[in-house]
Amino acid sequence: MYPGLAIARALVRLRPEVQPFFVGALRGIERDVLPTTECPHLLLDLQPLYRPHVWKNWRTLRGALASWTRLNAAGRERAPAMVVGTGGYAAGLALVWAWRRGVPAVQHIGDAIPGITARWGARFARQSYLGFPEAARYLPRSRGALVDTGNPIEPPPDIRPAGAEARARWGFPAAAKVLLVFGGSQGARALNQAVAAWVERGIPRGLCVLWATGRGQHDAFAHLDRADVRVVPYLSPISEAYATADLALVRGGMMGTSELCAWGVPMVIVPLPSAANDHQTANATVLEQGGAALHLPQRELSAERLDVVITALLADPARLSAMSAAARGRGRPHAAAEIARRIAAYLSPA
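From a predicted model like this one, the values you see are computed outputs, not experimental measurements.

Trainee: Is there a simple way to explain the sheet that holds strand β5 (residues 127-130) in this structure?
Mentor: Where strands meet in a sheet, backbone hydrogen bonds hold them as pairs that are either parallel or antiparallel. Taking strand neighbours across the sheet as the criterion, the 4 strands line up as β3-β4-β5-β6 in an open arrangement whose pairing is parallel. For this open sheet the edge positions go to β3 (83-85) and β6 (145-148), each flanked by a neighbour on one side alone. Sheet twist, expressed as the average angle between the axes of neighbouring strands with direction ignored, equals 20°. One ladder, built from 4 bridges, connects β5 with β6; its direction is parallel. Within the sheet, the bridge partner assigned to Y129 lies in β6 and is V147. Contacts from helix α14 (residues 335-346) reach β3, β4 (105-109), β5 and β6 within the one sheet, and its direction differs from that of β5 by about 175°.

What follows is the structure in structure tokens.
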């Protein structure tokens, strides 16, 4: 969802006459996000592939057939010049529609291990834009180019706020080290529980924690809020938190890790074990190999382990500095603009 919005907005800035139209799934995050944006959209009743319970796939087929009819109607009405896939059920159907109708298509592939839609779409997409260059090894040979663009994010400002100024907004001392904790918009229960136990046990002296629990979990942890541990449901704008952080404890999602790289924030990554194709572990692994992160599997996550890992990193400024430099080296803050320029090159002249 968010890569798609970033690409669409960058494209409109480049070519104001372009009119983005989103196709999403009723069961996806787009159901909540798209109505709050400026973008017209179509939400389809699509279902996933039920691998363990294959007898449930009649729902998948029924949803695809009904959605195909609605997508056909939208295509006739709008006559799209191009289809841009950004992953998920709806992107898969839209890419098939583009292939059948002879409409040019490109796609964005955000993770280090591409999903089924991305692997299939790479066979006919004119270009596939890679959030992680390591994804190329998993993609089939195709007629389209694989382009290492990075993930389309909201870039950091050209002039970033001073660390002391950013800390002051949260009431943290200017000399404090700040750990940023978040697990996505809904939070991460395992992460939250481990951090809660660690805070109750006692965090290192001189450390402050900025902890976003997720909206649905905030009530369970709000009582831990204090001067050196700020507990909030979510961070908006999150740029203020990035400007504050010396280190981050996060999941391995493509957007959060890409944003942290762009800001040069070192990471301790605890991947979600149930993520499709275990792609978050792949993201964490390549970032660790690149020197930007430390991979901490969820099975090893505990208050005691967190204390050991975070304390060791804080006690080694040279390592933190090297991790920060490695993160910046992988950061691609202008990916959305680059992808927009490439898409615009396929469109008719302005």
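Having seen the structure, we can now continue with the description.
Trainee: Would you explain the nonpolar core in this entry?
Mentor: Most often, soluble globular proteins keep nonpolar side chains buried together rather than apart. Judged by nonpolar contacts, the single largest core of 39 residues is most densely connected at L180, L210, L235, L260, M267 and L287. Ranked by residues supplied to this core, first place goes to helix α10 (residues 254-263) with 6 residues.

Trainee: Which parts of the structure should I look at to understand the packing of helix α7 (residues 189-201) against helix α12 (residues 303-314)?
Mentor: When two helices pack together, their arrangement is captured by the angle between the axes and the distance separating the axes. Here α7 crosses α12 at 75°, and the two axes come no closer than 8 Å. Viewed along their axes, α7 and α12 adopt a mutual orientation that is roughly perpendicular. Between α7 and α12, the residues in contact are A194, V195, A197, W198 and R201 and A303, E304, L306, D307 and I310, respectively. Looking at the contact of α7 with α12, its residues break down into 7 nonpolar, no polar and 3 charged.

Trainee: Explanation requested: the pattern of salt bridges in the structure shown.
Mentor: Side-chain pairs of opposite charge can arise whenever the charged atoms involved come near each other. Across all of its chains, the model carries 15 salt bridges by this definition. A salt bridge links D225 to R230; the shortest N-O distance between them is 3.2 Å. When salt bridges with common partners are traced through the structure, they connect D148, R332, E338 and R342 into a single cluster.

Trainee: I would appreciate a short explanation of the layout of surface pockets in the present structure.
Mentor: In this approach a probe as big as a water molecule rolls over the atoms, and the regions it shows empty are the leftover space. Approximately 170 Å³ is the volume found for the second largest pocket. Top element by residues in the lining of the second largest pocket is α10. It accounts for 3 residues. When its residues are assigned to classes, the lining of the second largest pocket shows 5 nonpolar, 6 polar and 3 charged.

Trainee: Sorry, what's going on with the packing of aromatic side chains here?
Mentor: Any two aromatic rings considered together are summarised by their centre-to-centre distance and by the angle between their planes. Under the definition given, this model contains 6 aromatic pairs. With centroids separated by 4.8 Å and ring planes inclined at 75°, the aromatic side chains of W120 and F124 adopt a geometry described as edge-to-face. Judged by relative accessible area, W120 falls into the partly exposed class, the value being 32%. A residue is classified by how much of its surface remains accessible, and F124, at 10% relative accessible area, is buried. Geometrically, the ring pair formed by Y242 and W263 is tilted, given 5.9 Å between the ring centres and 45° between the ring planes. With a gap of 21 residues between them, Y242 in helix α9 (residues 239-244) and W263 in helix α10 connect regions that are remote in the sequence. Looking at W263, the relative accessible area reads 10%, which means it is buried. Members of the aromatic cluster, joined through ring pairs, are W99, W120 and F124. The ring centre of W263 lies 5.2 Å from the NZ or CZ of R160, which sits over that ring. In this structure, R215 packs its charged tip against the face of Y234, placed 4.0 Å from the ring centre.

Conventions adopted
Residues numbered from 1 in each chain as written. Predicted model: local features only at pLDDT ≥ 70, side-chain atom pairs only at ≥ 80, totals over all residues. Heavy atoms only, no water. Pairing = 2+ DSSP bridges. Helix = DSSP H or I, 4+ residues; strand = E, 2+ residues; numbered from the N terminus. Axes fitted to C-alpha atoms, helices over the stretch in contact; angles between N-to-C directions. Contact = heavy atoms within 4.5 Å. Core = buried A, V, L, I, M, F, W, Y, C linked by side-chain atoms within 4.5 Å. Buried < 20%, exposed > 50% of the residue type's maximum accessible area, 1.4 Å probe, protein only. Parallel < 35°, antiparallel > 145°, perpendicular 65-115°, else oblique. Nonpolar A, V, L, I, M, F, W, Y, C, P; charged D, E, K, R; others polar. Salt bridge = Lys/Arg side-chain N within 4 Å of Asp/Glu carboxyl O. 1 Å grid on protein atoms, 1.4 Å probe; cavity = no way out; pocket = protein on both sides within 12 Å on 5 of 7 lines; lining within 4 Å. Points joined across faces, edges and corners; volume = space filled by probe spheres on them. Phe/Tyr/Trp six-rings, centres within 6.5 Å; stacked < 30°, edge-to-face > 60°. Lys NZ or Arg CZ within 6 Å of the ring centre and 35° of its normal.

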